[in-house]
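Chain by chain, the residues run as shown.
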Amino acid sequence: QVQLVESGGGLVQPGGSLRLSCAASGFTFSSASMSWYRQAPGKERELVASITSTGGSTNYLDSVKGRFTISRDNAKNTVYLQMNSLKPEDTAVYYCKARYYYNSYINYWGQGTEVTVSS
């Protein structure tokens, strides 16, 4: 069974840091592109960061560039999102997503982990 399990969310003060982890199983992790999305209350889900299967290329939402870093450890089947200089507007549920091609592109989603940035 395909599983993506996020962890590391919680309450943090503005300017603080948090590292999210997503542990994957049930598919060939090293062949999948990985992404982090977030959804704030009342807003659409948005792509925060993505990383290629080899980790050779990354992309970021403009508002998080310079503050967030996505990385992966294929030996551990885990993708990370290091979040620094957090702002209240970063408050959202963060979701891990895997994208894998098998006849067509298939997306696998984690359950989400909540991040709250507040003083």
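These lines cover the structure that appears in this document, whether it is placed above or below. Everything numeric in this text was worked out from a predicted model, so none of it was measured. (Residues numbered from 1 in each chain as written. Predicted model: local features only at pLDDT ≥ 70, side-chain atom pairs only at ≥ 80, totals over all residues. Heavy atoms only, no water.)

Moving on, we come to the overall build of the protein. When helices and strands are counted, the protein shows 0 helices and 11 strands. Mapped in sequence order, the helices and strands of the protein form the string β-β-β-β-β-β-β-β-β-β-β. In terms of overall size, the protein behaves like a compact globule, its C-alpha atoms giving a radius of gyration of 14 Å where 119 residues would be expected to give roughly 14 Å. For the protein, the spread of C-alpha atoms along the three principal axes comes to 45 × 25 × 25 Å. Going through the 119 residues of the protein one by one, you find that 38% of them count as buried. (Helix = DSSP H or I, 4+ residues; strand = E, 2+ residues; numbered from the N terminus. Rg over C-alpha atoms; globule rule 2.2 N^0.38 Å. Buried < 20%, exposed > 50% of the residue type's maximum accessible area, 1.4 Å probe, protein only.)

In this fold, Ser 35 is placed in strand β4 (residues 33-39). On the accessibility criterion, Ser 35 (7% relative accessible area) is buried.

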